[in-house]
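Residues per chain, in single letters:
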Amino acid sequence: MAVSKSGGTLRDLQLALQLKIEELRQRDALIDELELELDAKDDLIRQLQVELDKHRGASQREDTTSAGESEVQTQAASAEPQRTKRQAISAEPTALDPSQLTDVPLTSYCKSKESCELIQRALMNNDYMKHLEDRQILTIVDCMYPTSVAKGCCVIQEGDVGSTVYVLEEGTVEVTKQGKKVCTMGPGKVFGELAVLYNCTRTASVTALTDIKLWGIDRHGFQTIMMRTGLIKHSQYTDFLRSIPSFQSLTEDVVSKVADVLEETFYRDGEYIIRQGATGDTFFIISEGQVKVSQQLSASEEEVTEKTLCKGNWFGEQALIG
Ligand SMILES: Nc1ncnc2c1ncn2[C@@H]1O[C@@H]2COP(=O)(O)O[C@H]2[C@H]1O
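Residues numbered from 1 in each chain as written. Predicted model: local features only at pLDDT ≥ 70, side-chain atom pairs only at ≥ 80, totals over all residues. Heavy atoms only, no water.

**Q** Before we move on, can you summarise the sheet that holds strand 4 (residues 173-177) with the specific residues and values?
**A** Pairing between the strands of a sheet comes from backbone hydrogen bonds, and it takes one of two forms, parallel or antiparallel. Taken together, the four strands give an open sheet; going across it, the order is 2-7-4-5, and neighbouring strands pair in antiparallel fashion. Where the open sheet ends on each side, the last strands, each with one partner, are strand 2 (154-156) and strand 5 (180-185). Across this sheet, the average inter-strand angle for adjacent strands is 30°, counted without regard to direction. The sheet contact formed by strand 2 and strand 7 (residues 205-208) spans two bridges and is antiparallel. (Pairing = 2+ DSSP bridges. Helix = DSSP H or I, 4+ residues; strand = E, 2+ residues; numbered from the N terminus. Axes fitted to C-alpha atoms, helices over the stretch in contact; angles between N-to-C directions.)

Structure follows, in structure tokens:
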């Protein structure tokens, strides 16, 4: 059941949509400008750091009498507080060309049922991966390859460029940040996901406390799975939008932009989608089922059914118009 003040024509809708798209373009342009500014400032900091190091080195060489040069430099380096690298989260997640993704072969690796279940559970219990779709999780499980690391070895080095997401199958690892222990992890845990998901450098070091067995997937495979599913979804949404008679006059570009921002939501039979009087911020298109539009004219009166909407009908358009 839902309450909606229906109003606004398709023309209004198109106009509102185009305004939103333009607004988004302008924001993107502003973000690009600010990022360039930030990069320039980073360059300046790097240059100043080099100058500073040169001056420090020179004054320390003058001060040194008995100690050898390399020792002094080692001391100077360790006394110097390390500047924490900015964890850049890139808006550009991949260098892959989306149009060629269907041709990119994904390699699957044989694994036992127990290993498949362990990886699947690990992904579903990880805060950053649990929102992935079932088919994405199953493909990741399929594409993970086995690897092992000996006790005491570093699996991930903080600050490095990361390219692999791991699931621990056997053994224990320790996570440290700037030399301080953060936690230990045992079988069934995911690590190394942050650098791959956010395109940033490794946020911590991970060291094997015992001999360990791992499953890994590299950035390329991971991003191919993410984008391939995204493309399939985009094409399904585009087909759906094109099948709605009222949307058939929209240009390809607009249909594609709407498909970009569509999200599937499910409601149980009888559940309210919008309540009368609530602030609306979502525009809905029905892909399955029926929606009842009702209105209560006064507090003392019963709700009156205005109409019933079905597949292809939309509501909540006032939210787009603003
Ligand atoms: N505070 C933390 N607690 C547990 N794990 C962490 C923490 N910080 C980082 N990690 C993990 O350590 C990994 C280091 O590489 P990533 O940054 O790719 O992903 C990181 C996480 O998987």
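**Q** Can you break down the pairing of strand 7 residue by residue, with the values?
**A** The pairing of strand 4 with strand 7 spans four bridges and is classified as antiparallel. Across the sheet, residue threonine 176 finds its bridge partner in strand 7, namely serine 205.

**Q** Which residues make up a negative patch on the surface, and what are the values?
**A** Taken together, the side chains of Asp28, Asp32, Glu33, Glu35 and Glu37 make up a negatively charged region of the molecular surface. Of note, glutamate 37 is situated in helix 1 (residues 10-63). Note on glutamate 37: relative accessible area 45%, which makes it partly exposed. (Patch = residues over 30% accessible without salt bridge, like charges linked within 9 Å, V, L, I, M, F, W, Y side chains within 5 Å. Areas by Shrake-Rupley, 256 points an atom, 1.4 Å probe, with all protein chains shown as cover. Salt bridge = Lys/Arg side-chain N within 4 Å of Asp/Glu carboxyl O. Lys, Arg positive; Asp, Glu negative; His and termini not counted. Charge placed at Lys NZ, Arg CZ, Asp CG, Glu CD. Buried < 20%, exposed > 50% of the residue type's maximum accessible area, 1.4 Å probe, protein only.)

**Q** Explain the site of the ligand to me, and be specific about the residues and the numbers.
**A** Taken together, 15 residues lie near the ligand, and Gly192, Glu193, Ala195, Arg202 and Thr203 sit nearest. For the ligand, an oxygen atom lies 3.4 Å from a polar atom in the backbone of leucine 194. Relative to its free-state accessible area of 460 Å², the ligand is covered by the protein chains to the extent of 82%. When contributions to the shell around the ligand are tallied by element, the ones reaching two or more residues are strand 4, strand 5 and helix 5 (193-198). Taken together, the residues that form the shell around the ligand break down as 10 nonpolar, two polar and three charged. (Near = heavy atom within 4 Å. Polar contact = N/O pair within 3.5 Å; in protein donor to acceptor, adjacent residues only side chain to side chain. Nonpolar A, V, L, I, M, F, W, Y, C, P; charged D, E, K, R; others polar.)

**Q** An account of the nonpolar core is needed here, citing residue identities and associated values.
**A** The biggest cluster of nonpolar side chains holds 19 residues, and the ones touching the most others in it are Ile119, Leu123, Ile140, Met144, Val167 and Ile217. Elements that contribute at least two residues to this core include exactly helix 3 (113-125), helix 4 (134-143), strand 3 (164-170), strand 8 (212-218) and helix 6 (219-242). Those residues in contact with valine 167 that sit more than four places away from it in its chain are Leu118, Ile119, Ala122, Leu123, Met144, Lys189, Val190, Lys213, Leu214 and Trp215. (Core = buried A, V, L, I, M, F, W, Y, C linked by side-chain atoms within 4.5 Å. Contact = heavy atoms within 4.5 Å.)

**Q** Report on the packing of aromatic side chains, specifying residues and quantitative values.
**A** Scanning the model with the defined rule gives seven aromatic pairs in all. Between the aromatic rings of phenylalanine 247 and tryptophan 314, the centroid separation amounts to 5.1 Å while the plane-to-plane angle is 35°, which identifies the pairing as tilted. Placement of the pair is phenylalanine 247 in the loop between helix 6 and helix 7 (252-261) and tryptophan 314 in strand 12 (residues 314-315), with a sequence separation of 67 residues. The pair phenylalanine 247 / tryptophan 314 is uniform in exposure class, with both members buried. Seen in terms of ring centroids, phenylalanine 284 and phenylalanine 315 are 4.9 Å apart; in terms of plane orientation they differ by 10°. Their pairing is stacked. Within this pair, whereas phenylalanine 284 is found in strand 9 (residues 284-285), its partner phenylalanine 315 is found in strand 12, the two being separated by 31 residues in sequence. The pair phenylalanine 284 / phenylalanine 315 is uniform in exposure class, with both members buried. Clustering of aromatic rings is evident, with ring pairs tying together Phe247, Phe283 and Trp314. A cation sits over an aromatic face here: arginine 275 above tyrosine 272, 3.7 Å from the ring centre. (Phe/Tyr/Trp six-rings, centres within 6.5 Å; stacked < 30°, edge-to-face > 60°. Lys NZ or Arg CZ within 6 Å of the ring centre and 35° of its normal.)

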